[in-house]
Amino acid sequence: MSDKLVSDDSLYEELFDVEKETAATGGHIVGDLSDQLSGLRDTAAVMKGSLREILNFPEIHQAFNCKREHYTVFSYELCNRALRENLLFSSEVYKESPGVQRMGHVILKMVGKEHLAYRSMVQPMFIRPRAIDWWKKNWIEGSVKALLDRMEGRSATADLNQDLCARLPVHIVTQGMGLSGDSALAFRENLMKSTVQSRSLPIEEVMKSAAEVERMLREVISARREQPADDVITGLVQGVLNLPDEEARGLTDDEIFAYARLIMLAGGGTTWRQLGITLYQLLRKPELWEACRNDRSLIERAIDEGARWMPTDPIFPRLVTKDVELAGVKIPAGSRIDMCLGSANRDPSIWDRPDEYDIYRERKSHLGFGMGPHRCLGMEVAKQEMLVAINGLMDRFPNIQLDMSAPPAELVGGLEQRGMSSVPVTLY
Ligand code: HEM
């Protein structure tokens, strides 16, 4: 087990702070906007303008470098459709995002057969049975145990958001890719500086971090070409790409590098925030925590309901490639749409009492992990991380409770990503 996982390195607090993360993009907002999003959805399924324009919030600095006519889609039916029809509502929109541009040619911005060819190379390593047999056994269980041991040995209180939620996913994805757990924090720091935080840093620092990320990943790629191991980079090295009209071939080092960097960026932050949201919601209603403790099959429901009720990333963009009419609104080709998954996941035409976090409700497919061809690659891994973490807490700390003497936890972040400021608990 990596020493870094259980060290008191202050970089954890530096890197895993939703307020800081969103402040770096100019997008920070405190509080829960869910009611406003639902209110907009109840007014119209589609509106002209970006979600930030509609809500009168300033746009994020240079989120997209191409000005386009903008619309926002709020209903479940239309967000679901836009996510599934990826040729009409295209992920190529990400090519205009400077942050994603810097990621190279990655699946996030591919469409159609090209997307399918690249995605199917990694999909087998992320399906549910592999999340259980491989990710959970190799990396998740040991890391959760080490984190619980650390909490047990330190104090009668903890901030689960920092002490568990932040640490776990970054270590899991780093080790799963094939890097050493000890490099997880340094890798994350350089990755964030060279992507998400790059707009607020001097260019020299951004370039230096980008070079470091490249050095660390290319070292593993070369090593796996020489000597295969049991990790995702080995899978990428050995995989066969079947692009239409091209001979089957392996991925180049550049392609593997870009792929690995995307997975590490996507897998290191989202699960942290989503787990914090779910834990806080369960702990603030002790009867729910108790019910899950007594019937562990409810934990999976609680996780799924968390991703419906408060998806950590509530909006995603697409590019409209042909003229289309949605709910009576004519949207010309070349427009950009924001899909508001936050309001879609609380659409009363699908869910009764949609604003309630209800772990007993009938399960229906929601959009918290996206839908259609780009649906989250790491969804099953994220669910296993959350499942093992919550089960572990219940076993280890039977009397755990929210710490009412600590400063109250808040939902922070804003529109593009949101999470808890803290999840303070007493352990005994
Ligand atoms: C609770 C945690 C997570 C949430 C809520 C989440 C959410 C999402 C969503 C909504 C998308 C769709 C983006 C779009 O359609 O434009 C997505 C895509 C993606 N996610 Fe996740 N994610 C989570 C965890 C992870 C993890 C742990 C990994 C990797 C280990 C990961 C890797 C990816 C990748 C690579 C994509 C792009 C897929 C593609 O374009 O085909 N995610 N995620």
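Remember, it's a predicted structure, so these values are computed and weren't measured experimentally. (Residues numbered from 1 in each chain as written. Predicted model: local features only at pLDDT ≥ 70, side-chain atom pairs only at ≥ 80, totals over all residues. Heavy atoms only, no water.)

1. Remarks on the coordination of the iron atom of the ligand
Where we set the bar: Note that water is not among the atoms considered, so a metal site may appear incomplete; the donors listed are N, O and S atoms within 2.8 Å of the metal, with 3.2 Å applied to Na, K and Ca. Think of it this way: any DSSP run of H or I at least four residues long counts as a helix, any run of E at least two long counts as a strand, and we number them from the N terminus.
Of all protein atoms, just one serves as a donor to the iron atom of the ligand, and that atom is C376 (SG), at 2.3 Å. Looking at the secondary structure, you find C376 in the loop between α16 (341-344) and α17 (379-396).

2. Points about the nonpolar core
As a reminder, the rule being used: Remark: nonpolar core denotes a set of buried residues (Ala, Val, Leu, Ile, Met, Phe, Trp, Tyr, Cys) joined through side-chain atoms within 4.5 Å. The buried label applies to any residue whose accessible area, calculated with a 1.4 Å probe on protein chains only, is under 20% of its type's maximum; exposed applies above 50%, and partly exposed to all values in between. Contacts are assigned to residue pairs that have any heavy atoms within 4.5 Å of one another.
Counting residues in hydrophobic clusters, the biggest one holds 107 residues, and the most contacted among them are I233 and L393. When residues no more than four places from it in sequence are discounted, the contact partners of I233 are M177, L179, L217, V220, I221, R224, I256 and A260.

3. Topic: the packing of helix α8 (residues 128-154) against α17
What counts, and what does not: Angles here are taken between N-to-C directions and fall from 0 to 180 degrees, while the axes themselves are lines fitted to C-alpha atoms, restricted in helices to the stretch in contact. Two helices cross in a left-handed way if the nearer one is turned anticlockwise from the farther one by less than a right angle. They cross in a right-handed way if the turn is clockwise. When residue character is reported, Ala, Val, Leu, Ile, Met, Phe, Trp, Tyr, Cys and Pro are called nonpolar, Asp, Glu, Lys and Arg charged, and the others, Gly included, polar.
One can describe the packing of α8 onto α17 by two numbers: an axis separation of 9 Å at closest approach and a directional angle of 40°. Pair α8 / α17 crosses with right-handed handedness. Here the residues of the contact of α8 with α17 sort into 11 nonpolar, two polar and nine charged.

4. A look at the site of the ligand
Defined as follows: By convention in this text, a residue qualifies as near a molecule or strand provided that one of its non-hydrogen atoms is within 4 Å of it. Side-chain atoms alone can form a polar contact between residues adjacent in sequence; in general such a contact is a pair of N or O atoms within 3.5 Å, and within protein one must be able to donate a hydrogen while the other accepts it.
In the vicinity of the ligand, 27 residues are found, and the nearest of them are Y94, H115, R318, H374 and C376. The separation between an oxygen atom of the ligand and a polar side-chain atom of Y94 is 2.7 Å. A distance of 2.7 Å separates an oxygen atom of the ligand from a polar atom in the side chain of H115. Put simply, the parts of the chain that give the shell around the ligand at least two residues each are α7 (112-122), α13 (253-283), β6 (315-320) and α17. Per element, the largest residue contribution to the shell around the ligand is seven residues, and it comes from α13. For the shell around the ligand, the per-class residue count stands at 15 nonpolar, 10 polar and two charged.

5. Quick notes on the packing of aromatic side chains
Spelled out, the test is: Each Phe, Tyr or Trp ring (for Trp, its six-membered ring) is paired with any other whose centre lies within 6.5 Å, and the angle between the two planes then decides the class: stacked below 30 degrees, edge-to-face above 60, tilted in between. As a reminder, the over-ring test applies to NZ of lysine and CZ of arginine, requiring each to be within 6 Å of the ring centre and within 35 degrees of the ring normal.
Applying the stated criterion across every chain, the model contains eight aromatic pairs. Centre to centre, the rings of Y76 and W351 are 5.5 Å apart; their planes meet at 85°, and the pair counts as edge-to-face. Placement of Y76 in helix α5 (residues 76-84) and of W351 in the loop between α16 and α17 is noted, with a sequence separation of 275 residues between them. This pair shows no difference in class: Y76 is buried, exactly as W351 is. Measuring from ring centre to ring centre gives 5.8 Å for F397 and Y428, while their planes differ by 75°; the resulting arrangement is edge-to-face. Taken as a pair, F397 in the loop between α17 and β10 (401-402) and Y428 in the segment after β13 (424-426) lie far apart in primary sequence, 31 residues in all. Following the ring pairs from residue to residue traces out a cluster consisting of F126, W134, W135 and W139. Stacked on the ring of W351, the Lys or Arg R308 has its end atom at 5.5 Å from the ring centre. Residue placement shows R336 over the ring face of F64; its charged tip is 4.2 Å from the ring centre.

6. Section: the side chain of D403
As a reminder of what qualifies: Counted charges follow a simple rule, with Lys and Arg positive, Asp and Glu negative, and His plus the chain ends left uncounted. By salt bridge we mean one thing: a side-chain nitrogen of Lys or Arg within 4 Å of a carboxyl oxygen of Asp or Glu.
Note that D403 resides in the loop between β10 and β11 (411-414). Of the side chains with opposite charge, R154 comes closest to the buried, unpaired D403, at an N-O distance of 12 Å. At 2.7 Å, the side chain of D403 and the side chain of S405 are in polar contact. Contacts of D403, omitting those with residues within four sequence positions, involve T157, P424, V425 and T426.

7. A word on the pattern of salt bridges
Applying the stated rule across the entire model yields 39 salt bridges. R218 serves as the salt-bridge partner of E214, at 2.8 Å between the closest nitrogen and oxygen. One end of the pair, E214, and the other, R218, are both in helix α11 (residues 203-226), four residues apart, so they sit about a helical turn from each other. Judged by relative accessible area, which is 31%, E214 ranks as partly exposed. The closest approach of N and O atoms between R273 and D313, which form a salt bridge, is 2.7 Å. Pair noted here: R273 is in helix α13 and D313 is in the loop between α15 (297-309) and β6, with a separation of 40 residues, a long-range link. Here the salt bridges share partners, and the residues they tie into one network are D8, R150, R154 and D163.

8. What to know about the packing of α13 against α15
Packed helices, taken two at a time, are described by the angle their axes make and the gap between the axes. The line we're drawing: Roughly parallel covers angles under 35 degrees, roughly antiparallel covers those over 145, roughly perpendicular covers 65 to 115, and oblique covers all other angles.
Relative orientation of the contacting elements α13 and α15 amounts to 110°, with a least axis distance of 9 Å. With respect to α15, the axis of α13 lies roughly perpendicular. The residues of α15 that touch α13, namely those facing Q274, I277, T278, Q281 and L282, are A302, I303, G306, A307 and W309. Considering only residue class, the contact of α13 with α15 consists of six nonpolar, four polar and no charged.

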